[in-house]
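This is what each chain is made of:
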Amino acid sequence: MATTLADGLVLFGITGDLARRRLFPALYALAASGALDMPLVGVGRTTLDDADLRNRARDALAAADVEVDPAVFERLAANLMYVSGDYHDAATYTAISERIGDRECVVAYLAIPPEVFDDVVRGLAGAGLHKGGRLVVEKPFGRDSKSAADLNEIIHRHYSESRVFRIDHFLGKEPVQNLMVYRFSNTMLEPIWNRHYIRGVQITMAEDFGIEDRGSFYDSVGALRDVVQNHLLQILSLLAMEPPVSDMPDALRDERVKVFTATRALRPEDVIRGQYAGYLDEGEIAPDSDTETFFAARLEIDSWRWAGVPWVIRAGKGLKSTVTEAVVEFHRPPRMLFADADSAPGPNRLSFMSKPDDRIAMSMQSKRPGSEMVSGPVDLALDYEDEEGEGRDAYHRLLGDALRGDPSLFAREDGVMEAWRIVQPVIEEAPPVLSYEKGTWGPDETAALLGEDWEWITR
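Residues numbered from 1 in each chain as written. Predicted model: local features only at pLDDT ≥ 70, side-chain atom pairs only at ≥ 80, totals over all residues. Heavy atoms only, no water.

Visitor: Got a sec to walk through empty space enclosed by the protein? Specific residues and values, please.
Guide: Inspection of every chain in the model, using the stated rule, returns five cavities of 30 Å³ or more. Estimates place the volume of the largest cavity at around 190 Å³. At the level of secondary structure, the elements contributing two or more residues to the lining of the largest cavity comprise strand S5 (134-138), strand S6 (164-167), helix H8 (215-240) and helix H11 (413-428). Of the residues assigned to the lining of the largest cavity, the class counts are nine nonpolar, four polar and five charged. Its boundaries defined by the atoms lining it, the second largest cavity holds a volume of some 160 Å³. Around the second largest cavity, the lining comprises 17 residues; the ones closest to its centre are Pro-175, Val-176, Phe-352, Met-353 and Ser-354. Breaking the lining of the second largest cavity down by element, the ones donating at least two residues are helix H7 (174-184), strand S11 (323-330), strand S12 (349-355) and strand S13 (359-367). Here the lining of the second largest cavity takes five residues from H7, the largest share from any one element. Taken together, the residues of the lining of the second largest cavity sort by class into 10 nonpolar, three polar and four charged. (1 Å grid on protein atoms, 1.4 Å probe; cavity = no way out; pocket = protein on both sides within 12 Å on 5 of 7 lines; lining within 4 Å. Points joined across faces, edges and corners; volume = space filled by probe spheres on them. Helix = DSSP H or I, 4+ residues; strand = E, 2+ residues; numbered from the N terminus. Nonpolar A, V, L, I, M, F, W, Y, C, P; charged D, E, K, R; others polar.)

Structure below.
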C-alpha cells in the first residue's frame, strides 16, 4: 500500500463535464479541510489561461450551490494553474512539469476517454512525472475483458498496480459504506447472513428520466457498461463478501474479489435487455441502435455461504421512479400463524436505500390493532442524516484517499477483470432489446427472471 502523501495534483480533462459537476466541488471541500496545499495543474485541449480556469472553478461551485468561503477559494485559486495542449505532444508534459515543479509524489487524475490513456501515461513517464506518483483512472475501465486487459498493460508499463487507483464513485457514497459497517458491526446479522435464512437478494438502480443530453456517450455504452458491470456488481460484492481479516485496504478488496471469482458468468438466458420507446428519436443516437437502456440479470454465487441463493439486479432509465436500493429477503416462517384467510404474512426484508433517501429498514411482522390475532408488516427504519453536508460527497472522499494513498475504496485489477468475466458472455452474445414504455418497470419479460414464487420489490 502506498502511504506517501501527494505533493502535486494534475487533472486531465479539467474543462469537461465531470470536472464542472464533481471535481471542482471536491477540490474546494479538500481545500476547506486543509488537505490541498499543493500545486493543482489542470490540463485540457481548450485554450485558456490560469485566470480562466479559476473563473471556471468559481462558476462550477456556484452551479453546485456550494456556499463559498472567500478565504478558502483564494487558497484554492492560488494553487490552480492551467496547461493547454495536445495529449499526443511531449511539449504538453514538459509544460506540466514546469508548472508543477520538483515534486516527489504527483497524482495524475485521468478524466478522459480510455483511448488516450496510452498517450497520457507515456507522456507523464517521458517527463518523469510518474516516479513515486499515482494514477487515478475514471470508469469505464475498458469496454470488455480484452480492452480492460489492454488498458492494464498500458498503465503497468509505468505504474505498478499499487499506484493505480481505479475510481468507482459509488464506493465513496455514504450509504454504500454504511452497508459494510451495518453488516460487520452488528453481530446479530452474521448467524442469519447465508443461504439457510436468506431467500434472495434484489438490487435496483432505477431512474425515471431518459438519457437527456448524453446520447452520444450513452449509445456507446448502455446500461450494462454504464452501471451494472461496476456499480451494481460492487454492491453485490459488499453484501456477499466474507468478513475481512482486518480493515487494511487489501483485506477489504480481497474479499470483494473473492465474491466476483465465485460468481457464475452470465448466460443470455439469465438476462433481459430493454430499450424504452422513443430512445431512437433522442439526439445523437444511431437509427438502428441496439443499445439497452434497461438491463436485468439473475446471478448465482457458487460459495458455501450463498449456493442456491438468487441475486437479481436491474438498472434502467425511463422507469417508474428513481430509486437505488438493495433488498435482502428472508425465508418465510415454516408455518403460517396469525394469518387471515385472505393473505399470508409477507417475508422479513432488510433494505438498504440510497435514493431517493438514505435509509435502512427492516420489514417485520407485528400484530395488527384490533381484537383478532393477525399480523401485519411494520418497518423498523433508520433515516440517515447527512451531518457533513458537502464533505460527504463521494468525489471529495475518494480524491482525498488517492492523495493520501489509501486504495480501500478503489477497484483493483483482479476485481475489474473478474467483473468483466461475469458479463463478457452477454456482451459477445447479447439477447435482443425488448421495447418498454417510459414510466413502467421495464419489459414485462423481466418477471421471468424471478420464477413463480417471487416478485420484484418496487417502490
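Back to the write-up after that little detour.
Visitor: Explain the nonpolar core residue by residue, including any values.
Guide: Grouped together as the largest cluster of nonpolar side chains are 136 residues, with contacts concentrated most on Phe-12, Trp-193, Leu-239 and Trp-311. If one sorts the elements of this core by residue count, H8 sits on top with 12 residues. Apart from the residues within four sequence positions on either side, Trp-193 is in contact with Arg-183, Ile-198, Leu-239, Arg-305, Trp-306, Val-328, Phe-330, Leu-350 and Phe-352. (Core = buried A, V, L, I, M, F, W, Y, C linked by side-chain atoms within 4.5 Å. Buried < 20%, exposed > 50% of the residue type's maximum accessible area, 1.4 Å probe, protein only. Contact = heavy atoms within 4.5 Å.)

Visitor: Give a detailed account of the packing of H7 against H8, specifying residues and quantitative values.
Guide: Interhelical geometry of H7 versus H8 gives an angle of 15° and a closest axis separation of 9 Å. If you check the angle between H7 and H8, you find them roughly parallel. Note on packing geometry: the crossing formed by H7 with H8 is right-handed. For the pair H7 and H8, contact is made by Val-176, Leu-179, Met-180 and Arg-183 and by Ile-235, Leu-238, Leu-239 and Ala-240, respectively. Across the contact of H7 with H8, the residue classes tally to seven nonpolar, no polar and one charged. (Axes fitted to C-alpha atoms, helices over the stretch in contact; angles between N-to-C directions. Parallel < 35°, antiparallel > 145°, perpendicular 65-115°, else oblique. Left-handed = near helix turned anticlockwise from the far one by under 90°.)

Visitor: Lay out the environment of Leu-398 in plain terms, naming residues and giving numbers.
Guide: Tracing the sequence through the fold places Leu-398 in helix H10 (residues 394-404). Placed 131 residues apart in sequence, Leu-398 and Arg-267 show a C-alpha to C-alpha distance of 34 Å.

Visitor: Could you give an account of the pattern of salt bridges, naming the residues involved and the relevant values?
Guide: In the structure shown here, the tally under the stated rule is 29 salt bridges. Notably, a salt bridge pairs Asp-150 with Lys-146, separated by 2.9 Å at the nearest N-O pair. Within this pair, Asp-150 and its partner Lys-146 are both found in helix H6 (residues 145-156), separated by four residues, close to a single helical turn. A residue is classified by how much of its surface remains accessible, and Lys-146, at 59% relative accessible area, is exposed. (Salt bridge = Lys/Arg side-chain N within 4 Å of Asp/Glu carboxyl O.)

Visitor: Requested: an account of the environment of His-130, with residues and values cited.
Guide: Relative to the assigned elements, His-130 resides in the loop between helix H5 (117-126) and S5. What makes His-130 buried here is its relative accessible area of 14%. His-130 has contacts with Leu-124, Ala-125, His-158, Tyr-159 and Arg-163, leaving out every residue within four places of it along the chain.

Visitor: I'd like a description of H8, backed by residues and values.
Guide: Because each turn of an α-helix spans 3.6 residues, side chains separated by three or four positions end up pointing in the same direction. Where H8 bends most, the angle comes to about 95°, and this point is Gly-222. With 23 of 26 residues buried, H8 is to be regarded as a mostly interior element. (Bend = angle between axes of the 7 residues up to and from the residue.)

Visitor: Please set out the packing of aromatic side chains residue by residue, giving values where relevant.
Guide: Counted according to the given criterion, the structure contains eight aromatic pairs. Here the aromatic rings of Phe-165 and Phe-410 are separated by 5.0 Å at their centres, their planes lie at 80°, and the arrangement is edge-to-face. Taken together, the residues span a long stretch of sequence, with Phe-165 in strand S6 and Phe-410 in the loop between H10 and H11 at a distance of 245 residues. Of the two residues, Phe-165 and Phe-410, both sit in the buried class. Ring geometry for Tyr-276 against Tyr-279: centres 5.8 Å apart, planes inclined by 90°, an arrangement best described as edge-to-face. One exposure class covers both Tyr-276 and Tyr-279, and it is buried. Of the aromatic side chains, those joined through ring pairs into one cluster are Tyr-276, Tyr-279, Phe-294 and Tyr-436. Over the ring of Trp-304 we find Arg-195, and its NZ or CZ is 5.4 Å from the ring centre. We note Arg-199 situated over the ring of Trp-454; from NZ or CZ to the ring centre the distance is 4.5 Å. (Phe/Tyr/Trp six-rings, centres within 6.5 Å; stacked < 30°, edge-to-face > 60°. Lys NZ or Arg CZ within 6 Å of the ring centre and 35° of its normal.)

Visitor: Which residues make up the side chain of Asn-194, and what values go with them?
Guide: Along the chain, the position of Asn-194 falls in the loop between H7 and strand S7 (198-206). Apart from the residues lying within four places of it in its own chain, the contact partners of Asn-194 are Arg-305 and Trp-306.

Visitor: Any details on unusual backbone geometry? Residues and values, ideally.
Guide: That bond from Lys-355 to Pro-356 is cis: its omega, 5°, falls within 30 degrees of zero. Residue placement: Pro-356 occurs in the loop between S12 and S13. The backbone of Asp-65 sits at a positive phi, close to 60°, despite the residue not being glycine. Within the fold, Asp-65 resides in the loop between helix H2 (50-63) and helix H3 (70-79). Even without being a glycine, Glu-284 presents a positive backbone phi close to 60°. Looking at where Glu-284 falls in the secondary structure, it is placed in the loop between strand S8 (271-276) and strand S9 (294-300).

Purely geometric stuff here, so don't read any function into it on its own.
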